[in-house]
Amino acid sequence: MPVPAPRPELPALPALPVTFRPNGTRAVLLSVGTVMLVVITAMSLLLEKLNAGERVSFVFVGLLFFGVLVLLSRPKVVADDTGVTVVNLTRTRRLEWAEIVRVNLRVGDAWVFLDLSDGTSLPALGIQPGVAKQKAVRDARTLRALAESRGTGAGKAADTDSATDTATDTGPA
């Protein structure tokens, strides 16, 4: 009879509250947005043939681009003593620890998914393996450890060598 693969060690639980967010992606998005806004505004002021309405429309487009990039930099996951707050692009959802059955980060996933007690799954865009894969894996393991230690424990009985073994199934580097 095959012996199941040993489960990876869960990380030490951090002091709460703790915020998980893709800081590198956020820095790039906000920096690019600021530079774009400054360049577009400067162009509107330096082009002599533009009338006032055209200048205003240039600045408006720059602000629109900046706003979209700020929106894309918004995602985060905040864990505290009573639960988790998931902030995605346009929505914020508050979850109690008992509502989180499992934390998943599988090969090819763009972000973590939270399996919930009502049978649904909630994407948590605040943990993304895109730019900083190792940080995302570490954050997913930490969130999973928090959910298992503070929740109902429903996820503890999960199959240990399946893709539900959060953050260990991360694919090629």
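This one's a predicted model, so the numbers in the text were calculated from it and none came from an experiment. (Residues numbered from 1 in each chain as written. Predicted model: local features only at pLDDT ≥ 70, side-chain atom pairs only at ≥ 80, totals over all residues. Heavy atoms only, no water.)

Asker: Please clarify how the overall build of the protein chain should be interpreted in this entry.
Answerer: Within the protein chain, the secondary structure is distributed over three helices and seven strands. Beginning at the N terminus, the succession of helices and strands in the protein chain can be written as β-α-α-β-β-β-β-β-β-α. A total of 173 residues make up the protein chain; the buried ones form 34% of that total. Pairs at least 24 residues apart make up 54% of the contacts formed inside the protein chain by residues separated by at least 6 positions. Accessible surface for the protein chain amounts to roughly 9800 Å². Of this, 64% is attributable to carbon and sulfur atoms. (Helix = DSSP H or I, 4+ residues; strand = E, 2+ residues; numbered from the N terminus. Buried < 20%, exposed > 50% of the residue type's maximum accessible area, 1.4 Å probe, protein only. Contact = heavy atoms within 4.5 Å. Areas by Shrake-Rupley, 256 points an atom, 1.4 Å probe, with all protein chains shown as cover.)

Asker: Can you walk me through the packing of helix H1 (residues 23–46) against helix H2 (residues 52–72) in this structure?
Answerer: How two helices pack is summed up by the angle between their axes together with the distance between the axes. One way to put it is that H1 packs onto H2 with a least axis distance of 9 Å and a crossing angle of 180°. If you check the angle between H1 and H2, you find them roughly antiparallel. In terms of residue class, the contact of H1 with H2 is built from 17 nonpolar, five polar and one charged. (Axes fitted to C-alpha atoms, helices over the stretch in contact; angles between N-to-C directions. Parallel < 35°, antiparallel > 145°, perpendicular 65-115°, else oblique. Nonpolar A, V, L, I, M, F, W, Y, C, P; charged D, E, K, R; others polar.)

Asker: Help me understand a nonpolar patch on the surface in this model?
Answerer: Taken together, Val35, Val39, Met43 and Leu47 make up a surface patch of nonpolar side chains, about 330 Å² in accessible area. Within the secondary structure layout, Met43 lies in helix H1. (Patch = residues over 30% accessible without salt bridge, like charges linked within 9 Å, V, L, I, M, F, W, Y side chains within 5 Å. Salt bridge = Lys/Arg side-chain N within 4 Å of Asp/Glu carboxyl O.)

Asker: So what exactly am I meant to see when it comes to helix H3 (residues 133–150) here?
Answerer: Residue pairs three or four apart in sequence face the same way in an α-helix, which turns once every 3.6 residues. Relative to the 26 Å expected for 18 residues at 1.5 Å per residue, H3 spans 26 Å between its end C-alpha atoms, a close match to the ideal helical length. All of the buried residues along H3 are Lys133, Ala136, Val137, Asp139, Ala140, Thr142, Leu143, Arg144, Ala145, Leu146, Ala147 and Glu148. On its buried face, H3 is in contact with strand E1 (18–20), strand E2 (76–79), strand E3 (83–87), strand E5 (100–104) and strand E6 (112–116). (Expected span 1.5 Å × (residues − 1).)

Asker: Sorry if this is basic, but what is going on with the pattern of salt bridges here?
Answerer: Overall, the coordinates contain six salt bridges when judged by the stated rule. Two residues, Asp109 and Arg106, come together in a salt bridge whose shortest N-O distance is 3.7 Å. Assessed through its relative accessible area of 16%, Asp109 is described here as buried. Among the ionic pairs, Asp139 bridges to Lys135, the shortest N-O distance being 2.8 Å.

Asker: Looking at this structure, how should I read the sheet that holds E6?
Answerer: Strand order in this open sheet of three strands is E5-E6-E7, and the pairing throughout is antiparallel. Across the chains shown, the open sheet's two edge strands, defined by having one partner strand only, are E5 and strand E7 (121–124). For this sheet, the mean inter-axis angle between neighbouring strands, taken without regard to orientation, is 25°. Pairing of E6 with E7 involves four bridges; the strand directions are antiparallel. The residue of E7 that forms the bridge with Leu114 is Leu122. Along the sheet face, H3 touches E5 and E6 and points at about 165° away from the line of E5. (Pairing = 2+ DSSP bridges.)

Asker: Would you mind showing me how to read H1 here?
Answerer: A rise of 1.5 Å per residue sets the reference length of H1, with its 24 residues, at 34 Å; its end C-alpha atoms lie 34 Å apart and thus fit the reference within 8%. Here H1 has its buried residues at Leu29, Gly33, Leu37, Ile40 and Ser44.

Asker: When you look at the nonpolar core in this model, what are you seeing that I'm missing?
Answerer: For soluble globular proteins, nonpolar side chains are generally found buried alongside one another. With 24 residues, the main nonpolar core has Leu114 and Leu143 as its most contacted residues. Those elements that place two or more of their residues in this core are E1, E2, E3, E5, E6, E7 and H3. Looking at this core element by element, the count peaks at six residues for H3. (Core = buried A, V, L, I, M, F, W, Y, C linked by side-chain atoms within 4.5 Å.)

Asker: Explanation requested: the side chain of Asp109 in the structure shown.
Answerer: With respect to the helices and strands, Asp109 occurs in the loop between E5 and E6. Polar side-chain contacts of Asp109 include one of 2.9 Å to the backbone nitrogen of Arg106. For Asp109, the residues in contact, after removing those within four places along its chain, are Asn104 and Pro129. (Polar contact = N/O pair within 3.5 Å; in protein donor to acceptor, adjacent residues only side chain to side chain.)

Scope: geometric values only; no functional claims are made or implied.
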